[in-house]
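Topology and contacts: notes
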Amino acid sequence: MSLPTYTAWNYRIWHYTYLTICALVFFFLIAPLFIILPLSFNAEQYIHFSAGMLALDPDAFSLRWYEDMIYGTKNPWGLAAKNSIIIAFFATIGSTILGTVAALGLSSRHMPYKAAFMALLISPMIVPLIISGTAIFFFMAKVGLAATHTGIILAHIILGTPFVVITVTATLTGFDHSVTRAAASLGSNPVNTFMKITLPLILPGVISGALFAFVTSFDEVVVVLFLAGLENTTIPIQMWVGLREQLSPTIMAVATCLIIMSTLILVSAELLRRRSERLRGINR
């Protein structure tokens, strides 16, 4: 956005200095991506920029590592991707349901000790993952859910629920409760009111929280290190094992796919946030 013509010169200097600082910070954060992306198309078997790549020789670039990620023989990436998708899908559903219900309860005027409950609900975001992983492992081992999909899904529900609580609570901040009271006065039951009035209005926040919960589950590695068995390997765990045992450019191809997926999810979350702001503006 350009500055008005009457803006003083000192404010202009500060404005463009601020934009320059933001651009430098943004470049610093995304600079590693400019290393990973081209390396995933390397035609050689080693992770390095070959002379052909630096010279932009077409023969130095290849899709072989993407093919190896999908079709490679004796390759565990397919099983890891399947496990990650299944675990993230069910963990997202569980986190979305629990987080939405909790946010609705916290938004109630009659809810006592809101601050204490909010602190308890978002504690998985604050407690170091190594501590959470240890506690979850001992609990899952006691109930016989260690090294199972169910145990990992429950653990990821614990980690993903705080993101849903925060996003839905933020959406409910500007929610006009007079519409639900009007529905109740017209004879609508609570379930019907929620499905037809409340949910459509807070849906952008719910979907945003679900997206963050999905990313959290799909990228989580610390807790899965405690719980995963040979049949429960996820993509982050397989990348961890690959970096320790066999450094292959296939890892760069997988990392590129994860970067693209995360970017699409963040863009979707931002579009949903803007839609939520427009809806709140209309309701006002």
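Residues numbered from 1 in each chain as written. Predicted model: local features only at pLDDT ≥ 70, side-chain atom pairs only at ≥ 80, totals over all residues. Heavy atoms only, no water.

Things to note about the layout of surface pockets
There is about 410 Å³ of room inside the largest pocket. Taken together, 17 residues make up the lining of the largest pocket; nearest its centre are Ser 107, Ser 108, Phe 175, His 177 and Thr 180. The set of elements that each furnish at least two residues to the lining of the largest pocket consists of helix H10 (178-185) and helix H11 (190-219). With four residues, H11 is the single largest residue contributor to the lining of the largest pocket. A breakdown of the residues in the lining of the largest pocket according to their chemical character gives six nonpolar, nine polar and two charged. (1 Å grid on protein atoms, 1.4 Å probe; cavity = no way out; pocket = protein on both sides within 12 Å on 5 of 7 lines; lining within 4 Å. Points joined across faces, edges and corners; volume = space filled by probe spheres on them. Helix = DSSP H or I, 4+ residues; strand = E, 2+ residues; numbered from the N terminus. Nonpolar A, V, L, I, M, F, W, Y, C, P; charged D, E, K, R; others polar.)

Digging into the nonpolar core
Grouped together as the largest cluster of nonpolar side chains are 14 residues, with contacts concentrated most on Trp 77, Phe 218, Ile 235, Met 239, Val 254 and Leu 258. Contributing elements (two or more residues each) for this core: helix H4 (64-71), helix H5 (77-106), helix H13 (235-245) and helix H14 (250-283). Looking at which element gives the most residues to this core, the answer is H14, with five residues. The contact partners of Phe 218, leaving out residues within four places of it in the chain, are Ser 84, Ile 85, Ala 88, Ile 235, Pro 236, Leu 258 and Met 261. Formed by 13 residues, the second largest nonpolar core is a distinct cluster that contains Ile 87, Ile 153, Val 223 and Leu 227. (Core = buried A, V, L, I, M, F, W, Y, C linked by side-chain atoms within 4.5 Å. Buried < 20%, exposed > 50% of the residue type's maximum accessible area, 1.4 Å probe, protein only. Contact = heavy atoms within 4.5 Å.)

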